[in-house]
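Spelled out, the chains give:
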Amino acid sequence: MTSENQPKAGHRGTPTSTEFREFMASGWAADDRSPTPRAEVADHAARRRAALSLRFPGERLVIPGGGLKVRSNDTDYTFRPHTAFAHLSGLGAHAEPDSVLVLHPGPEGGHHAVLYFRPPAPRDTEEFYTDSRYGEFWVGARPSVADVESQLGLTARHIDSLADDLAKDDAAARLRVVRSADPQLAALVDTTRAQAGTSRSAEQQEEADEELARHLSGMRIVKDEWEIGEMRRAIAATHEGFEAVIATLPEAVRKGRGERWVEGMFGLHARHRGNGVGYESICASGDHANTIHWTRNSGEVREGDLILIDAGIEVDSLFTADITRTLPVNGRFTDVQRRIYDAVHEAQRAGMAAVRPGNRFSDVHAAANEVIARRLHEWGLLPDGVTLEQTLDPEHGGWHRRWMVHGTSHHLGMDVHDCQLLLREEYMDGELKPGMVLTVEPGLYFKADDLLAPEEFRGIGVRIEDDVLVTEDGCENLSAAMPSGSHEVEEWMARVPDAASDAAGDRNPR
């Protein structure tokens, strides 16, 4: 219904004779699979839906999971459901494309949740063996209606009934949809509302949909204990991925195209320990570290350089880590590298100290930013006559931001930049509360062609990023097990290869 169309090759096909179809429909063992056990997340997702129900009484809420996206010709990108759908349904990495969660208003208040999706076709149908996108002969076992209901504790129906169900009763005029999740489904909702005689103008309908999307984004800003546990799992897996990279840095140097080697090594662990990477890994060696979003990862890794690795593993629930370490390739910082690195580390410590209940989100950046500005001022990099106070002036200053153009923090969860639809007063000016998870990630970037930077600084880029939980009395650095001080990083890099070798020996005894 909503997946992008793939072009079909005219030179291929399957036999179509009656004899072949009858033969394919016969001889299959009965499906004796037990119903899928109730998922641990089911109760948490139900509480989220109940909270959403209270916010929009009497309205029918449509949260699409999204469809398959064509990568090229007849190949698709790996499906990843829309975050709001995953959060409210409880389905993560194993969600079916083209699924839709609908909260139908009840006659006596509240809502009834129904998940619409495309269950597998029976084995006596041609879809079973001819459809390379949905047929189980091609893609493997897929959940039945009974599976979904037992796993999630809600009602499940075939996607073919969705259009009629959206149009039933007077709630058809009071529909809201997450438009960005599925434009085709949003168009169906628009048609349904118009046919039902909605009292909202087109502009009011768009505003209503935006309000729903913004509210769903904000629902994720404070994590419950289960969600925090998933964040811990993602961070622990990411820690393992970083150590695998450290252990193989000499190979990245030796083999050439080292940034790709690093990316691949981390990706291996991401697929083994989780669903995959939470975002495109940044594996930036040398001057590439000064490109903030360097995801080409096409360069060499050389002795004597720093390599900036910004990467996170997304676990099957779709919660992701987001951690950055800047590592000396040969295991030791030079004096100049350490000078820059220690300034960034000092700024990060200042940012973390600002992570506590009652502070504003923007206070984190302000604290780290002040350290960056002070160090650059001390090093004489600001224009002649510019004072620290002047460069920190939010309206007329900012000279120091040449060397750190990005912000210091963002919320983290099921999206690497989570809760992005919130308004500025809710996000940047929002109050920090226990249960929020955010990053703290200052940096300094001196591009190789930056003639305003000292020559010995040019080509050095440093960022340090940790994932931090706001607690009742301050914060907890969830990624604290990954060393971040310059001397601690050197010690970490010295011991990781030995630990990896010992682990390999345990797995392969002589």
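This one's a predicted model, so the numbers in the text were calculated from it and none came from an experiment.

Quick notes on the rules
- Residues numbered from 1 in each chain as written.
- Predicted model: local features only at pLDDT ≥ 70, side-chain atom pairs only at ≥ 80, totals over all residues.
- Heavy atoms only, no water.
- Helix = DSSP H or I, 4+ residues; strand = E, 2+ residues; numbered from the N terminus.
- Rg over C-alpha atoms; globule rule 2.2 N^0.38 Å.
- Buried < 20%, exposed > 50% of the residue type's maximum accessible area, 1.4 Å probe, protein only.
- Contact = heavy atoms within 4.5 Å.
- Phe/Tyr/Trp six-rings, centres within 6.5 Å; stacked < 30°, edge-to-face > 60°.
- Lys NZ or Arg CZ within 6 Å of the ring centre and 35° of its normal.
- Expected span 1.5 Å × (residues − 1).
- Polar contact = N/O pair within 3.5 Å; in protein donor to acceptor, adjacent residues only side chain to side chain.
- Salt bridge = Lys/Arg side-chain N within 4 Å of Asp/Glu carboxyl O.
- Patch = residues over 30% accessible without salt bridge, like charges linked within 9 Å, V, L, I, M, F, W, Y side chains within 5 Å.
- Areas by Shrake-Rupley, 256 points an atom, 1.4 Å probe, with all protein chains shown as cover.
- Pairing = 2+ DSSP bridges.
- Core = buried A, V, L, I, M, F, W, Y, C linked by side-chain atoms within 4.5 Å.
- Axes fitted to C-alpha atoms, helices over the stretch in contact; angles between N-to-C directions.
- Parallel < 35°, antiparallel > 145°, perpendicular 65-115°, else oblique.
- Left-handed = near helix turned anticlockwise from the far one by under 90°.
- Nonpolar A, V, L, I, M, F, W, Y, C, P; charged D, E, K, R; others polar.
- Lys, Arg positive; Asp, Glu negative; His and termini not counted.
- Charge placed at Lys NZ, Arg CZ, Asp CG, Glu CD.

**Here's the deal with the overall build of the chain**
For the chain, the count of helices and strands is 16 helices and 17 strands. A compact globule built from 510 residues would reach a C-alpha radius of gyration of about 24 Å, and the chain, at 26 Å, matches this within 12%. Per-residue burial over the chain gives 50% buried out of 510 residues. Long-range pairs, those at least 24 residues apart, make up 71% of the contacts in the chain between residues at least 6 apart in sequence.

**Observations regarding unusual backbone geometry**
Its identity as a non-glycine residue notwithstanding, N73 has a phi of 55°, on the positive side. Topologically, N73 is positioned in the loop between β2 (70-72) and β3 (75-76). Judged by relative accessible area, which is 46%, N73 ranks as partly exposed. Non-glycine residue N297 carries a positive phi angle of around 50°. Mapping N297 onto the fold places it in the loop between β9 (282-285) and β10 (306-311). Overall, the relative accessible area of 0% leaves N297 in the buried class.

**Re the packing of aromatic side chains**
A full pass over the atoms with the stated rule returns 10 aromatic pairs. Ring geometry for W379 against F457: centres 5.3 Å apart, planes inclined by 75°, an arrangement best described as edge-to-face. One end of the pair, W379, is in the loop between α14 (361-378) and α15 (388-391); the other, F457, is in the loop between β14 (443-446) and β15 (460-463), with 78 residues separating them in the sequence. The two residues W379 and F457 agree in class, both being buried. The residue whose ring lies beneath R118 is Y134, and the NZ or CZ to ring-centre distance is 4.0 Å. Of note, R123 hangs over the ring of W28, and the distance from its end group to the ring centre comes to 5.1 Å.

**Overview of helix α9 (residues 202-218)**
Between its first and last C-alpha atoms α9 spans 24 Å; for 17 residues at 1.5 Å apiece the expected length is 24 Å, and the two agree. Listing the buried residues of α9 in full gives Q205, A208, D209, L212, A213, L216 and S217. In the core, the buried residues of α9 are packed alongside α2 (42-55), β1 (60-66), α3 (83-89), β7 (175-177) and α8 (183-195).

**Digging into the side chain of R48**
Looking at where R48 falls in the secondary structure, it is placed in helix α2. Reaching out from R48, the side chain makes a polar contact with the backbone oxygen of H87 at a distance of 2.6 Å. Beyond its immediate stretch of four places on either side in the chain, R48 contacts V41, H87, L88, M219, D224, W226 and E227.

**Side note on the pattern of salt bridges**
Under the defined criterion, the tally for this structure stands at 41 salt bridges. Between E59 and R200 there is a salt bridge, with its nearest N and O atoms 2.7 Å apart. With E59 in the loop between α2 and β1 and R200 in the loop between α8 and α9, this residue pair connects regions lying 141 residues apart in the sequence. Judged on exposure class, the residue E59 and its partner R200 are both buried. Where R157 meets D165, a salt bridge forms, and the shortest distance between an N and an O atom there is 2.8 Å. Each of R80, R220, K223, E314, D415 and D418 takes part in salt bridges that share partners, so that together they form one network.

**Here's the deal with a nonpolar patch on the surface**
Taken together, the side chains of W28, F137, W138 and V139 present a nonpolar region at the surface, about 430 Å² in accessible area. Mapping V139 onto the fold places it in helix α5 (residues 136-139). With relative accessibility at 42%, the residue V139 sits in the partly exposed group.

**As for the pairing of β10**
Of all 6 residues that make up β10, 6 are buried, and the element is covered over most of its length. With 4 bridges joining them, β9 and β10 adopt antiparallel strand pairing. For A284, the partnering residue across the bridge sits in β10 and is L308.

**Things to note about the nonpolar core**
L376, L444 and F446 are the most contacted members of the largest nonpolar core, which has 74 residues in total. At 10 residues, the largest contribution of residues to this core is made by helix α10 (residues 225-247). With 26 residues, the next largest nonpolar core counts L88, A113, L154 and V178 among its residues.

**Side note on the packing of helix α13 (residues 335-353) against α14**
Relative orientation of the contacting elements α13 and α14 amounts to 155°, with a least axis distance of 7 Å. As far as their axial angle goes, α14 and α13 are roughly antiparallel. Once α13 is placed against α14, the crossing between them reads as right-handed. Together, A343, E346, A347, A350 and G351 of α13 and V364, A367, A368, V371, I372, R374 and R375 of α14 make up the contact between the two elements. Of the residues that constitute the contact of α13 with α14, the class distribution is 8 nonpolar, 1 polar and 3 charged.

**Observations concerning a negative patch on the surface**
On the surface, a cluster of negative charge is contributed by E203, E206, E207 and E210. By secondary structure assignment, the location of E206 is in helix α9. Since its relative accessible area comes to 45%, E206 is described here as partly exposed.

**A short note on the sheet that holds strand β6 (residues 155-158)**
If you walk across this open sheet you meet the 5 strands as β6-β5-β4-β1-β7, and the pairing is mixed. Sheet topology places β6 and β7 at the edges, where each strand pairs with a single neighbour. Here the average twist between neighbouring strands, direction ignored, is 25°. α2 rests against β1, β4 (99-105) and β5 (111-117) of the sheet, and its axis sits at about 50° to β4. In the packing of α9 onto the sheet, the strands contacted are β1 and β7, and the crossing angle to β7 comes to about 55°.

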